[in-house]
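Observations on the three-dimensional arrangement
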Amino acid sequence: MEYLIGVGFALLIALFFGNYVGLDRDRAFYPTALIVIASYYLLFAAMAGSVQAAALEVLVMTLFVALAVIGFKFSQWWIVVGLFAHGVFDFTRGMFIDNTGVPVWWPGFCLSIDVALAIGLGVLLRRRLAPAASRQTA
């Protein structure tokens, strides 16, 4: 169920807030989403009161924040990579970090929202490139 809700929430973010409201017209929309997504595990560590988990989560979060900044500054394809990589991280993180504050359903929810947003942004970026490519060949 968490996978279905995650994909549904990703569609809500991309279609309603992105396309309909127009928040994705600003290059900061998806990088900010990646930073917020990456920060949740730190919140869960704080809720559990685990300094060790918080320290590890900060290290991992730093990587995703770096991808968000690089994607904002240079190419949004780095945001696609960051969102997809965070989805993979969601699926595997329990093997590396013991964070008892993470709800049981969260990794599946976050995996599905991350991957769905990565795919959606990738499609959007390809669509933006397609008209430019067709103008160059004409």
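Our subject is the structure listed above.
Our subject in this report is the structure included herewith. (Residues numbered from 1 in each chain as written. Predicted model: local features only at pLDDT ≥ 70, side-chain atom pairs only at ≥ 80, totals over all residues. Heavy atoms only, no water.)

Focus on the overall build of the chain
Secondary structure summary: the chain contains 5 helices and 0 strands in total. Traced from its N-terminal end to its C-terminal end, the chain shows the element sequence α-α-α-α-α. For the chain, the spread of C-alpha atoms along the three principal axes comes to 60 × 30 × 25 Å. With 138 residues in all, the chain has 38% of them scored as buried. When contacts within the chain are restricted to residue pairs at least 6 apart in sequence, long-range pairs at least 24 apart make up 73% of them. Looking at the chain as shown, the accessible area adds up to about 8200 Å², and 73% of this sits on carbon and sulfur atoms. (Helix = DSSP H or I, 4+ residues; strand = E, 2+ residues; numbered from the N terminus. Buried < 20%, exposed > 50% of the residue type's maximum accessible area, 1.4 Å probe, protein only. Contact = heavy atoms within 4.5 Å. Areas by Shrake-Rupley, 256 points an atom, 1.4 Å probe, with all protein chains shown as cover.)

Some thoughts on the side chain of Asp114
The topology assignment puts Asp114 in helix 5 (residues 106-137). Buried charge Asp114 goes without a salt bridge, the closest partner of opposite sign being Arg93 at 9.9 Å. Not counting chain neighbours up to four residues away, the residues in contact with Asp114 comprise Ile37, Leu83, His86, Gly87 and Asp90. (Lys, Arg positive; Asp, Glu negative; His and termini not counted. Salt bridge = Lys/Arg side-chain N within 4 Å of Asp/Glu carboxyl O.)

Considerations on the pattern of salt bridges
With the rule as written, the count across this model stands at 1 salt bridge. The salt bridge partner of Glu57 is Arg93, with a shortest N-O separation of 2.3 Å. Taken together, the residues span a long stretch of sequence, with Glu57 in helix 3 (residues 51-73) and Arg93 in the loop between helix 4 (77-92) and helix 5 at a distance of 36 residues. The residues Glu57 and Arg93 share a single accessibility class, namely buried.

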